[in-house]
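Chain by chain, the residues run as shown.
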Amino acid sequence: MKKLLVLLAIVAFVLAMPFIGNKSINVENPHQLDADGNFIMYDWNFDNYKEGTRVGTNEEWDYNLKPVQVSDRVWCFFGAMEMPTKENAGDMSNSCYIKGDDSWIAWDSGPSYIFAKQAHAAMRKIADMPVKTVIVSHEHDDHWLGNNYYKETQGATIYGPKSINVNYLGYDEHTGKPNENTREIPPQTRMIRALYQNAIRGTKLAAVDKSFEDTTKFTLHGVNMEYVKVGYAHSEEDWFLYLPDDKVVLVADVVMNGRVTSNRDGIVIGQLNALKAIQARDWDHLVPGHGFVTDKTADDECVQYFTLLKDRVLEGIEEEIDPDYITKYVTLEEFRNKELYYLLSPGNVFRSYEELEMYDGDDEEDEEDEEDEE
Ligand SMILES: [Zn+2]
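Residues numbered from 1 in each chain as written. Predicted model: local features only at pLDDT ≥ 70, side-chain atom pairs only at ≥ 80, totals over all residues. Heavy atoms only, no water.

Caption draft 1: Spotlight on the overall build of the protein chain. When its secondary structure is counted, the protein chain shows 11 helices and 11 strands. Counting the 374 residues in the protein chain, one finds 51% classified as buried. Across the protein chain, every contact between residues at least 6 apart in sequence was considered, and the portion connecting residues at least 24 apart equals 69%. Surface accessibility of the protein chain: about 18,400 Å² in total, with carbon and sulfur atoms responsible for 50%. (Helix = DSSP H or I, 4+ residues; strand = E, 2+ residues; numbered from the N terminus. Buried < 20%, exposed > 50% of the residue type's maximum accessible area, 1.4 Å probe, protein only. Contact = heavy atoms within 4.5 Å. Areas by Shrake-Rupley, 256 points an atom, 1.4 Å probe, with all protein chains shown as cover.)

Quick look at the structure:
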């Protein structure tokens, strides 16, 4: 009897062998596993990009966009106070629509083709007009990946910083036109890596059509505007849009509120100059790149943050604080309760330390060593 039990146990063990310790299954195309077709487009190559073969057939991501009216002619979509994730599908920055005579003007186009398409559909319910012009603030991909929707379906002209064409598409730095270094397939940006295909499909990196060297005033579709260059501030090349008749200023990421800013590509001195340029205009409403406050206090937090950041980091340099210790020495306590404080503030301090050490030093030629950020 005992022998039989042992034998049965052995048989049972042998039968169970293939399953023991085998908790994962091996599939050749793991990105095709999801029954909803919600794979992430890791295979960003020529065929997928040009032919759109990796697009899936499932329903489009629903961004559930609700425009908020900021002034007579301006409506905005406010994104989540988060980093871009699959769950928010990149809807974590603010973008706006300005009502012209014969066309909407889009200020920043959001994180994807589908976002732009759904934003336009929502705005058509307010006034059924095309979007003939898109104006872009800066090169971060939560602000302009909707451009190709407007270009392809509306024939829109894209106004924006040259840095988009140079840094993403590999255009010539001086002419702003394609050259022999121009990329056949643009790089897979942060959004393209993070989003499910049913949110990012259809998105292509569209070139900027029209760039300016300096601050320029123009009238588009009956709306007077000033497109203000603030240069290297939050990114390598930042611009904001001032609507003097509306007393509205659309400033994108040189101002954020309710959360800590990301200065990973920026410089604190440039940021403070940008804030001065904004304060030099007469406005009642300011729309930040991230955050929900749009009244006259909209830039207060940012002014305070960068002023404290600069003063305290300079103080740290004065005190000869070791770089390893600077993020402990400068903590910006006042912002502890703001979103993304723990994630972003130490990085901002460290980056400012690197910047201000050179700024403060007596050898100015050090600045030439500064590398271009992408
Ligand atoms: Zn940005």
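Caption draft 2: Examining the sheet that holds strand S5 (residues 131–135) more closely. Across the sheet, which stays open at both edges, the six strands sit in the order S1-S2-S3-S4-S5-S6 with mixed pairing between neighbours. Two strands close off the open sheet at either side, each with one partner strand: strand S1 (68–69) and strand S6 (157–159). Inspection of the sheet shows strand S4 (residues 104–107) paired to S5 by four bridges, in the parallel sense. Among the inter-strand pairings, Ile105 is bridged to a residue of S5, identified as Thr133. Of the strands in this sheet, strand S3 (95–99), S4, S5 and S6 are in contact with helix H4 (residues 147–154), which crosses S5 at around 155°. (Pairing = 2+ DSSP bridges. Axes fitted to C-alpha atoms, helices over the stretch in contact; angles between N-to-C directions.)

Caption draft 3: A look at the coordination of the zinc ion. Bound to the zinc ion are the protein donor atoms His138 (NE2), His140 (ND1), His234 (NE2) and Asp253 (OD), situated 2.1 to 2.2 Å from the metal. Sequence spacing of the donors to the zinc ion: H-x1-H-x93-H-x18-D. Of this pair, His138 sits in the loop between S5 and H4 while Asp253 sits in strand S10 (residues 248–256), and the two are 115 residues apart along the sequence. In this pair, the class of His138 matches that of Asp253, namely buried. (Donors = N, O, S within 2.8 Å, 3.2 Å for Na, K, Ca; no water.)

Caption draft 4: Quick look at the sheet that holds S10. Taking strand neighbours across the sheet as the criterion, the five strands line up as S7-S8-S9-S10-S11 in an open arrangement whose pairing is mixed. Two strands close off the open sheet at either side, each with one partner strand: strand S7 (216–220) and strand S11 (285–290). Each strand of the sheet is rotated relative to its neighbour by a mean of 30°, with strand direction disregarded. Both S10 and S11 contribute to a ladder of five bridges, which runs parallel. Along S11, the bridge assignment pairs Val248 with His285. The strands touched by helix H8 (residues 268–279) are strand S8 (223–231), strand S9 (238–243), S10 and S11; relative to S10, the strand with the most contacts, the crossing angle is about 165°.

Caption draft 5: Main features of empty space enclosed by the protein. Counted according to the given criterion, the structure contains two cavities of 30 Å³ or more. By volume, the largest cavity is sized at about 100 Å³. Taken together, 14 residues line the largest cavity, and the ones lying closest to its centre are Asp142, Arg190, Arg259, Arg264 and His290. By residue class, the composition of the lining of the largest cavity is five nonpolar, four polar and five charged. The computed volume of the second largest cavity comes to approximately 50 Å³. In terms of residue count, the dominant contributor to the lining of the second largest cavity is helix H9 (residues 300–318) (three residues). A breakdown of the residues in the lining of the second largest cavity according to their chemical character gives five nonpolar, one polar and two charged. (1 Å grid on protein atoms, 1.4 Å probe; cavity = no way out; pocket = protein on both sides within 12 Å on 5 of 7 lines; lining within 4 Å. Points joined across faces, edges and corners; volume = space filled by probe spheres on them. Nonpolar A, V, L, I, M, F, W, Y, C, P; charged D, E, K, R; others polar.)

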